[in-house]
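The primary structure of each chain is shown beneath.
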Amino acid sequence: MSKKKRIIIIGGGAAGFFTAANLDEEKFYVTILEQNSDVLQKVKISGGGRCNVTHACFDPRELTQFYPRGNRELLSVFTKFQPGDTMDWFESRNVPLKIEKDNRIFPESDSSQSIMNALINEVRNKNFEVKNQVSVTEIIKENETYLIKTKQGDFIADIVIYTTGSSPKSLKIIENLGHKIVEQVPSLFTFNIKNNLLKDLPGTSFENAEIRIPSLKTEESGPLLITHWGLSGPAVLKISAWEARTLAKLKYQFEIEVNFISKPISDAEEELKEFKNQNPKRSIGQSKIFDVTNRFWSKILEINQINPEKQIANLSGKEMALILENLCQKKLLVTGKSTFKDEFVTAGGVDLKEVNFKNMSSKILPDFYISGEVLDIDAVTGGFNFQACWSEAWLISQHLNAL
Ligand SMILES: Cc1cc2nc3c(=O)[nH]c(=O)nc-3n(C[C@H](O)[C@H](O)[C@H](O)COP(=O)(O)OP(=O)(O)OC[C@H]3O[C@@H](n4cnc5c(N)ncnc54)[C@H](O)[C@@H]3O)c2cc1C
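What counts and what doesn't
- Residues numbered from 1 in each chain as written.
- Predicted model: local features only at pLDDT ≥ 70, side-chain atom pairs only at ≥ 80, totals over all residues.
- Heavy atoms only, no water.
- Pairing = 2+ DSSP bridges.
- Helix = DSSP H or I, 4+ residues; strand = E, 2+ residues; numbered from the N terminus.
- Axes fitted to C-alpha atoms, helices over the stretch in contact; angles between N-to-C directions.
- Contact = heavy atoms within 4.5 Å.
- Disulfide = S-S within 2.5 Å.
- Buried < 20%, exposed > 50% of the residue type's maximum accessible area, 1.4 Å probe, protein only.

Draft legend 1. Up close: the sheet that holds strand β17 (residues 330-339). With respect to topology, six strands assemble into a closed barrel ordered β12-β15-β14-β13-β16-β17, the strand pairing being antiparallel. For this sheet, the mean angle separating the axes of adjacent strands, direction not counted, is 50 degrees. Bridge count for strand β13 (residues 205-213) against strand β14 (residues 218-226) is seven bridges, and the pairing is antiparallel. Across the sheet, the residue bridging to F206 is L224, located in β14. Relative to β14, helix α8 (residues 234-242) is tilted by about 140 degrees, and along the sheet it contacts β12 (189-193), β13, β14 and β15 (230-232).

Draft legend 2. Spotlight on the pairing of strand β9 (residues 153-157). Of the pairings in the sheet, the one linking strand β8 (residues 146-150) to β9 comprises five bridges and is antiparallel in character. Bridge pairing in β9 places T150 opposite G153. Counting the residues in the hairpin turn of β8 and β9 gives two residues.

Draft legend 3. How the structure looks around the sheet that holds β8. One open sheet accounts for three strands, arranged β7-β8-β9; its pairing is antiparallel. Single-partner strands in this sheet number two, and they are β7 (136-141) and β9. Direction aside, neighbouring strands of the sheet carry axes that sit 20 degrees apart on average.

Draft legend 4. Looking closely at unusual backbone geometry. Located in the positive-phi region is N127, a residue other than glycine, with phi close to 60 degrees. Its location among the elements puts N127 in the loop between α6 (112-125) and β6 (129-131). Notably, Q133 is not glycine yet its phi reads approximately 55 degrees, a positive angle. Mapping Q133 onto the fold places it in the loop between β6 and β7.

Draft legend 5. Seen up close, the state of the cysteines. Applying the stated criterion to the full structure yields zero disulfides. With no disulfide of its own, C389 has C51 as its nearest cysteine by sulfur position, at a separation of 10 Å. Relative accessible area serves as the criterion here: at 10%, C389 is assigned to the buried category.

Rendered as structure tokens:
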């Protein structure tokens, strides 16, 4: 029988733990090195403490559409392990999951601790070692092995699995080994906007809005929310993720055009005219014509100095045009960004061209595997970032188990 190989997993997060949890304990000695005093800390705080563990999208091709970076590479990965497999994995370990209305999947317990416990128990049952407060500072390739240097002493590995998340310091370590790093920029952020139309209306939401960035010829739609600082909600987050690189180049200063009711301005004009014909005596302030809140409607009238008492029949053409423009083609200046619920995700990381997506091995280093947020892969919000971790980690473990 061949000698048991020593695997060192650097980083005790979602990707590192899921790899370990699926490795064959008969074949490998596995050690997880984690720099913090606790493991899985991002899983713990994820999804507001509930852990949005994956998303109910079971078609690999459709699933890749949620990844601004990595969509091409992940297709083959998801054909091997997709959200249905994630559900089976956790549910067969006594973590029942539930699919919410928007297709996000959470543990039924609504506590990320259930996810953490399943991962930790699996690793513990295999008698794998987890070393906390061990921060890797350098990796040196020796003949057949890797020397892993830490402030707490050196480790020797036959196989390294690199799952350090988005830590810039740890990207430097893998860069020093010869991997190319795509520059990191923030993804998934909200827009800072100072505009009278949004002033004093935090909490106001729109069921389906459209946001365009004319200079980039790009557009996204979805729910939209006014915040204290500007605009948030899925429509904003999606566009921030897809355009993460271009918006960083623009230093987060750009113009957007918002259609709050997701209707062509010509259709909205027709609705307004029809309402006017049928209700000529109704005051404009009291008229419920479009699907927006009363406060937002009043605000449109206020900033355009239209008297809410005015009868609709007496609205001038200019006033009608102003209302429609504010509803369907509102130009707003973005002057910065804010983090979405502390859910900072970064685009950038290890260049995907240097990774073999059949098994997540490095194309540059032998016996070296990379997965999770350390790669130049990221997704929009909804459980997709974890799904990439689970799927990539699964590939690594199955490949190694079959060696
Ligand atoms: C607040 C918040 C909420 C989120 N919620 C969700 C959600 O609900 N659903 C979802 O899909 N995604 C969510 N995300 C994104 C998700 O958490 C990440 O995509 C995921 O955790 C990445 O896992 P990872 O294992 O690659 O990296 P990490 O979870 O970051 O783990 C990497 C680990 O490596 C350790 N490490 C780094 N360098 C070294 C070193 N040199 N030596 C030793 N150890 C090292 C780190 O301390 C860390 O523990 C959220 C992110 C945040 C910040």
